[in-house]
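Structural overview
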Amino acid sequence: MSAVDNGEEVLQSTTYESGIDEEDGGDHEEGDEPSTESPSSLLFEALKKSVDASLKNLSKKSASLQRELEKAQSLEETMVRAQLIVSNLYRLPPGITSAEVEDWENDGKLVRLELNTKKYGSAQEEADALFALARKMKRGSIVVEDLLQKSLEGEEIMRDALLDLETISTDDASIDEGRLVLIQERLERTSKKTGFRSPNLDADGEGTSEKAHRGRTNKRGGDNARNKPNPRELTSPSGHRVLVGRNRRDNDALCFQLSKPTDTWLHSRGCPGAHVLLCCRRGSPEVTDADLQFAANLAAFYSDARTELRAKVTTASPKHITKPRGAPMGAVSLRQEGKTLIGKPGDVSDDLKEAREKSGAAWDEMGYRKLGTRARNKKSAAATEKARKAKGREEARDKSKRRKRKEEQDWY
């Protein structure tokens, strides 16, 4: 019996992201060479180094902005002096350098007012200059306060991430892979606020920032051997090749380099996961329901829905896959969806389950990962994404209204 829900094809722009199976150096298949240090440990050290660097830069920025704000906050003293000069202009004829005047802000107390005769020709000229300076300082203080607030928020995000990184590793041999990658994804989403640069793990285990990695690759003409896609390759019941992305780079390659219009792309609906490509090339047998079910099971297993008994899986033709502007590696949008399949993660082969268990991301019959975390619920993830988009639209409308009101107020 097929597990295919025959639904109408719909036009939409859903974004599918890489999930917890897709970090560099994914789980090892049988026969892989054991490394001296696990990929999770390497990613942990690289993330911690990047977070420390970002936090240090934010702290320097906040300190600099704080000094600028203190300068801008001398606005009150400047205004007081300007008001004092203006209220006593009749006592300050040209050529005078100082005078005893009454400060009406302090109940008419007599104060000694020294004029800056070297810089200004008269008391009126000095008062005008002080008022102009005060207006400039007021505008600057508003900008600096906003920048300082954003910098402090970025520091808080980095400190929270650093604390989370310290709590997921109880010792050198035990690192919660699922939580580690979730922390990395959260840092990438907030990178505009924090300046965080996601690390890429080199072949020798060295962690470098994504921006530095891109720059180095461009200068050297491309690291073809290192960046060559290496997806998992399995065979469907009818003999078709099925490719499963191991990381974000593989996912991009499956969508835009290795796919053909006759292939079928699959991804677990509503949660992060690996991209799966069911290849159907010229001369190969027709794709059967068993082949689609086989690929759907893999898409569900290599996703956050692996602890579910049944999970919906989206299908699409590669020709309908697009890359959103500014989207991170591994994130794509669909112009048109195909059929919705029902994947059964528990039906994958025992070899794949054993390989995942060796990688430290096993799960039990109760739906809990061996390392203590539970897969995110698909419906909850979809609802969160919907609420985020709705909030973004509402903020855009409010911003447009405020801009229109300001334009009306500035019109004379």
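Further up the page is the structure itself.
Nothing here was measured: the structure is a model prediction, and the numbers come from that model.

1. A look at the pairing of strand β3 (residues 98-103)
The buried fraction of β3 is high, at five of six residues. Bridge count between β3 and strand β4 (residues 109-114): six bridges; the pairing is antiparallel. Bridging from a neighbouring strand, S98 pairs with E114 of β4. Following β3, the chain reverses through five residues before pairing antiparallel with β4; D107 in that reversal takes a positive phi of roughly 60°.

2. Concerning the side chain of S259
Along the chain, the position of S259 falls in the loop between α8 (248-256) and β11 (264-268). Separated by 3.3 Å, the side chain of S259 and the backbone oxygen of L254 make a polar contact. For S259, the side chain forms a polar contact with the main-chain oxygen of C255, separated by 2.8 Å. Excluding residues that lie within four positions of it along the chain, S259 makes contacts with A253, L254, L277, R281 and P318.

3. What about the nonpolar core?
The biggest cluster of nonpolar side chains holds 22 residues, and the ones touching the most others in it are V244, L266, V276, L298, Y302, V313 and L352. Residue assignment for this core shows that the elements contributing at least two residues are β10 (241-244), β12 (276-278), α9 (289-301) and β13 (311-316). The leading source of residues in this core is α9, at seven residues. Those residues in contact with L298 that lie beyond four places of it in its chain are L234, V242, V244, V276, V348 and L352. Among the nonpolar cores identified, the runner-up in size contains 17 residues, and V51, L58, I168 and V181 belong to it.

4. Quick look at the environment of T262
Mapped onto the secondary structure, T262 falls in the loop between α8 and β11. A residue is classified by how much of its surface remains accessible, and T262, at 52% relative accessible area, is exposed. In sequence terms T262 and K319 are 57 residues apart; their C-alpha atoms lie 9.0 Å from each other. Ignoring sequence-local partners within four residues, the contact set of T262 consists of C280 and R281. A polar contact is formed between the side chain of T262 and the backbone oxygen of C280, at a distance of 2.6 Å.

5. Some words on the state of the cysteines
The tally for this structure, following the rule as stated, stands at zero disulfides. In this structure C280 is a free cysteine whose sulfur lies 9.0 Å from that of C279, the closest cysteine sulfur available. Here C280 falls in the buried class, since its relative accessible area comes to 18%.

The rules we used
Residues numbered from 1 in each chain as written. Predicted model: local features only at pLDDT ≥ 70, side-chain atom pairs only at ≥ 80, totals over all residues. Heavy atoms only, no water. Buried < 20%, exposed > 50% of the residue type's maximum accessible area, 1.4 Å probe, protein only. Helix = DSSP H or I, 4+ residues; strand = E, 2+ residues; numbered from the N terminus. Pairing = 2+ DSSP bridges. Polar contact = N/O pair within 3.5 Å; in protein donor to acceptor, adjacent residues only side chain to side chain. Contact = heavy atoms within 4.5 Å. Core = buried A, V, L, I, M, F, W, Y, C linked by side-chain atoms within 4.5 Å. Disulfide = S-S within 2.5 Å.

So, to be careful, I would describe these as geometric facts and stop short of saying anything about function.
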